[in-house]
Amino acid sequence: MIKGFGSFGFAEISCLCCAFLLATQLSLANPFPDSEKVPRDENLHHVDGFPIGLSLLRSSNDKRLKAAGGKSVIRIDIAWSADESYQIEKVSIDKSGTSALYNRSTTTPKQGSYVGVLRDANTNVALAYDSIGTGRRYRKLARSIAFRFPNPNKSVILELIAENPLSGKMEQVLRQRVDVDSTESEEVQFEHILLKEASHAQKLEVVIYAEGYKAGTKDKFWRDAQRVIQALTGSDFPGLDRMQISAVFSESKLALGQPPSRPSPEVKERDSFLGLYYPHWDQFGRWYHVVYPTNEKKFRRRLALVPYDYPIVLINSSDYWGVGNYMSHTAVPSDSSQFSYLLRHELGHFFGLNEEYQDGGPTELEFAPDIYEPWSQNITFLRSPLLGLLKWKAVVSPSTPLPTPSRYWSRGVFGAYRGGYAESEVAGAHSHKPGLDCTMDRGRTFCEVCRHAIEEVIADDIGPANLKPRISSSF
Ligand SMILES: [Zn+2]
Ligand SMILES: [Zn+2]
């Protein structure tokens, strides 16, 4: 175990009462702060009855279907401690892998604040990569970093490279030999249904999971899951033709309900299917409008009941909130009247995009204060934005001034407009964004820059098909 960052973690601990006061004074949410100003859905509940013509893929009651798993993966859960140390906590083999996971594991990740590298223990050759999480708060919210790699079937070493929470530099914080604990077996009752086929052979498995749906609400969940497809189809969501979409139902004992009235550092595992809850353990202004796992290992184990690339969690709730974090999870309230907007906005975060609004307090997707330039595709911290360095320079004309005055947007001109990144601060600089109308703000559709960014991540996640994987997919 390598310990990093010394006592930095303690500097961020502040008074509980102050944090609560701050939280109650600001109207905060991970999506746009004011729910009245975002697009509403029309005909919210117009899907009736059980979806017809859909096939049951797997069921915990049907041994034959249950056996039809995906490709073998090694899942590594790394615990984070407040003294800024990381340590492998659990190593499991499961069948949640997909062809896309095997393909993409061969390339170095472009995004993500926590990168895992699996190395051959004898030769030190990098065998596979994975990455997860946006910014410095992720380690506190999840308290665990989870990676999935193709099962190497040999002795391996895990290297964790994480963003330094002050400088933003990517540094090695762990290098540890990997010992497989066991093949897990857990009796969980569930049903898995196919909702939409992909129209390409090279596809991604998008799985919609039920959370907080109590006994007797299964049919409601199937209907809610159909609305995910409608919301994505209705907005021509980027890469939709590559997505095979299915849904997993399992009963929860507890519904999400309302957030606790005060934050508290103690984390108690939530007795629901995935154990998601408002992260009251992180003294962070917006904790009551997002959800994170109360037990990250249980969360990842349950997701892995079926093969998946992108998990979308539908929570049986009608409140206005939503969460998306890079390759970790997307969760939205199924009965919100802003459901479609929330789903698209939070999926945008899942693909690495940051906020394009600038109100409502700091964002949880906050990078280290001294970071020079964040990897989120739709914001820049460049001191004096220079066209040659802008991430989205392909859509900016050489005649557009940088920074770009807001009046230029009346002609739909892309540039570097002041704003975005909520109210999070950048040392000695400001955030700029490509335009003034986007779902990552409160718009109905993604701007061209965000749309292209999502398409690029999806292409990367499908993986370079012609490249021979370093780990054989024959097991
Ligand atoms: Zn957001
Ligand atoms: Zn955008």
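Residues numbered from 1 in each chain as written. Chains lettered and ligands numbered in written order. Predicted model: local features only at pLDDT ≥ 70, side-chain atom pairs only at ≥ 80, totals over all residues. Heavy atoms only, no water.

S.K.: Help me understand the packing of aromatic side chains in this model?
M.R.: In this structure the tally under the stated criterion is 20 aromatic pairs. Ring centres of Tyr-277 and Tyr-278 lie 5.3 Å apart, and the angle between their planes is 65°; this geometry places the pair in the edge-to-face category. Comparing Tyr-277 with Tyr-278 shows no difference in burial state: the two are buried. Judged by centre distance (5.6 Å) and plane angle (85°), the rings of Phe-350 and Phe-351 are edge-to-face. For the pair Phe-350 and Phe-351, a shared accessibility class is recorded, and that class is buried. Clustering of aromatic rings is evident, with ring pairs tying together Phe-237, Tyr-310, Phe-350, Phe-351 and Phe-446. Cation over ring: Arg-143 sits above Trp-281, and NZ or CZ is 4.7 Å from the ring centre. In this structure, Arg-442 is placed above the aromatic ring of Phe-32, and the distance from its NZ or CZ to the ring centre is 5.3 Å. (Phe/Tyr/Trp six-rings, centres within 6.5 Å; stacked < 30°, edge-to-face > 60°. Buried < 20%, exposed > 50% of the residue type's maximum accessible area, 1.4 Å probe, protein only. Lys NZ or Arg CZ within 6 Å of the ring centre and 35° of its normal.)

S.K.: What's the story with helix H9 (residues 448-462) in this structure? I'm lost.
M.R.: Taking 1.5 Å per residue, 15 residues should reach 21 Å; H9 reaches 21 Å between its end C-alpha atoms and fits that length. Within the sequence span of H9, burial applies to Val-449, Cys-450, Ala-453, Ile-454, Val-457, Ile-458, Asp-461 and Ile-462. Buried positions along H9 lie against helix H4 (99-104), strand S11 (204-211), strand S12 (243-249), strand S15 (310-315) and helix H8 (339-350). Taken from the residues just after H9, Gly-463 is the one with a positive phi, measuring 90°. (Helix = DSSP H or I, 4+ residues; strand = E, 2+ residues; numbered from the N terminus. Expected span 1.5 Å × (residues − 1). Contact = heavy atoms within 4.5 Å.)

S.K.: Looking at this model, I keep getting lost on the coordination of the zinc ion (ligand 2). Mind explaining?
M.R.: Coordination angles at a metal have ideal targets, namely 109.5 degrees for four tetrahedral donors and 90 or 180 degrees for six octahedral donors. Distances from the zinc ion (ligand 2) to its protein donors, Glu-356 (OE), Cys-438 (SG), Cys-447 (SG) and Cys-450 (SG), fall at 2.1 to 2.3 Å. If you list the donors of the zinc ion (ligand 2) from N- to C-terminus, the spacing comes out as E-x81-C-x8-C-x2-C. Of the two residues, Cys-438 sits in the loop between strand S19 (432-433) and H9 while Cys-450 sits in helix H9, which places them 12 residues apart along the sequence. With a relative accessible area of 1%, Cys-438 lands in the buried category. (Donors = N, O, S within 2.8 Å, 3.2 Å for Na, K, Ca; no water.)

S.K.: What is the right way to read the pattern of salt bridges from this model?
M.R.: Two side chains bearing opposite charge may form a pair once their charged atoms approach each other closely. Tallied over the entire structure, the rule returns 24 salt bridges. Two residues, Arg-227 and Asp-224, come together in a salt bridge whose shortest N-O distance is 3.2 Å. Linking Arg-227 with Asp-224, this pair stays in helix H6 (residues 218-234), spanning 3 residues, or about one helical turn. The salt bridge involving Arg-451 is made with Asp-236; its shortest N-O contact spans 3.4 Å. Note that Arg-451 is positioned in helix H9 and Asp-236 in the loop between H6 and S12, a separation of 215 residues in sequence. (Salt bridge = Lys/Arg side-chain N within 4 Å of Asp/Glu carboxyl O.)

Interpretation note: all reported values are geometric properties and have no functional meaning in isolation.
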